[in-house]
Each structure stands twice: as structure tokens, then as C-alpha cells.
Amino acid sequence: MEWRKISGPMRVDSASSGAQLSYRLPARKGGRMAKVTMYMVKVLNANDTTNVRVTVELEHGPDGQVSILHSVCINAANPGGTFPTVLSGQADTSIVIGEWLHPVLKIAHQAGAGGAAVWSVVEVFEMRKPF
């Protein structure tokens, strides 16, 4: 298995209205060698312990430039109010993973554009399990 810290610590902010913003993490090669990919987001801090929602989507593609959604690994999870904490989820194991992995970290207010700005400080980790 391969375990790596792929980002952070980094601060991620929603839009001022609370609408979701996406942070594309660097594309990484070698998806074809993984049967399962898991992501963990270590949340170090957040400005609103009730309304922050963190999502991790896995996109994949044939090269490091273009990609398409593979699966949603962590879907609008609330990290709660005790920090640090961790959120975890894995890619859909029924879909073959393409050569390049493009993880996308998203943050939003739970009410979306009807809320207020939220932010969080996070580190992102990836584990790949080979066939």
C-alpha cells in the first residue's frame, strides 16, 4: 500500500455567500496500479463547527490535464467541533481508476449560497491499495 500526505496544511475558504468552492489538488500518476483509493482529511481548525461541510471528489483521467468524476469519497461531512479530527472515505471500488488521479477538495456552508463564509485548515492524505 502507498500512503502519502498530498496537501497541507492549507486553509480552504467557501465563497462569501457560503457557496461551495473547489480546490483542485495536484494530479498524480499511477491510478492504474490501484484497486482502491482512500482519502483522509485531517481538520486542524474551522471557523464554524456547526455549518462547515467538507467534500472530497476523485476525478481521474488519461493525462495530468483533463479529468472526469470517478466518485465522491467524502460527501459534505461536518468535522464537528473538536480539533484536530479526521474525515475519511474511499473511491467507488466498482469503477476502474484511470491513470491520473485528480483529487478535488471542496468546502461550503451547510446552507450553501444561503449561508455565510466558512473556512477550515486541513491536511489531505491518500492511500492506494494495489490489486
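Residues numbered from 1 in each chain as written. Predicted model: local features only at pLDDT ≥ 70, side-chain atom pairs only at ≥ 80, totals over all residues. Heavy atoms only, no water.

K.L.:
Could you clarify how one ought to interpret a nonpolar patch on the surface in this entry?
P.N.:
A cluster of nonpolar side chains, namely I68, L69 and V72, defines an oily patch on the protein surface of about 280 Å² accessible area. Look at I68 and you get exposed, because its relative accessible area is 59%. (Patch = residues over 30% accessible without salt bridge, like charges linked within 9 Å, V, L, I, M, F, W, Y side chains within 5 Å. Areas by Shrake-Rupley, 256 points an atom, 1.4 Å probe, with all protein chains shown as cover. Salt bridge = Lys/Arg side-chain N within 4 Å of Asp/Glu carboxyl O. Buried < 20%, exposed > 50% of the residue type's maximum accessible area, 1.4 Å probe, protein only.)

K.L.:
Teacher, can you tell me more about the nonpolar core here?
P.N.:
Note on soluble globular proteins: their nonpolar side chains tend to be buried together. Within the largest apolar cluster, 25 residues are counted, with the highest numbers of intra-cluster contacts made by Y39, V41, L87, L105, V122 and V124. For this core, the leading source of residues is strand β4 (residues 34-46), giving 5 residues. Leave out the neighbours within four places in its chain, and V41 touches V54, V56, I74, T85, V86, L87, L105, V122, E123 and V124. (Core = buried A, V, L, I, M, F, W, Y, C linked by side-chain atoms within 4.5 Å. Helix = DSSP H or I, 4+ residues; strand = E, 2+ residues; numbered from the N terminus. Contact = heavy atoms within 4.5 Å.)

K.L.:
Would you mind going over the pattern of salt bridges with me for this structure?
P.N.:
A pair can form between side chains of opposite charge whenever their charged atoms are brought close. Tallied over the full model, the rule gives 9 salt bridges. Between E2 and R28 there is a salt bridge whose closest N-O contact spans 3.3 Å. Of the two residues, E2 is situated in strand β1 (residues 2-13) and R28 in strand β3 (residues 28-29); the sequence distance between them amounts to 26 residues. Look at E2 and you get partly exposed, because its relative accessible area is 28%. Of the charged contacts, one joins R128 and E126 as a salt bridge, the two residues approaching to 2.9 Å between their closest N and O atoms. Each member of the pair R128 and E126 is classed as buried. Via salt bridges that share partners, E2, R4, R28, E126 and R128 belong to a single interconnected network.

K.L.:
How should I be thinking about the side chain of E57 in this particular structure?
P.N.:
In this structure, E57 sits in strand β5 (residues 52-61). Discounting residues that sit within four places of it in the chain, E57 has contacts with L69, S71, V72, C73, H102, P103, V104 and K106.

K.L.:
I'm lost on the environment of V104 in this one. Help?
P.N.:
With respect to the secondary-structure elements, V104 resides in strand β8 (residues 100-109). As a C-alpha pair, V104 and S16 span 88 residues in sequence and 20 Å in three-dimensional space. Sequence-distant contacts of V104, that is, excluding residues within four places in its chain, are made with S22, Y23, R24, T55, V56, E57 and E59.

K.L.:
Sorry, what's going on with the sheet that holds strand β7 (residues 85-90) here?
P.N.:
Through backbone hydrogen bonds, the strands of a sheet pair up, either in parallel or in antiparallel fashion. Taken in spatial order, the 4 strands of this open sheet run β1-β9-β4-β7, and their pairing is antiparallel. Looking at the sheet topology across the chains shown, the edges are occupied by β1 and β7. The average undirected angle you get between the axes of adjacent strands in this sheet is 20°. Sheet topology note: the β4/strand β9 (residues 119-130) ladder contains 11 bridges and is antiparallel. Bridge pairing in β9 links V43 to V122. (Pairing = 2+ DSSP bridges. Axes fitted to C-alpha atoms, helices over the stretch in contact; angles between N-to-C directions.)

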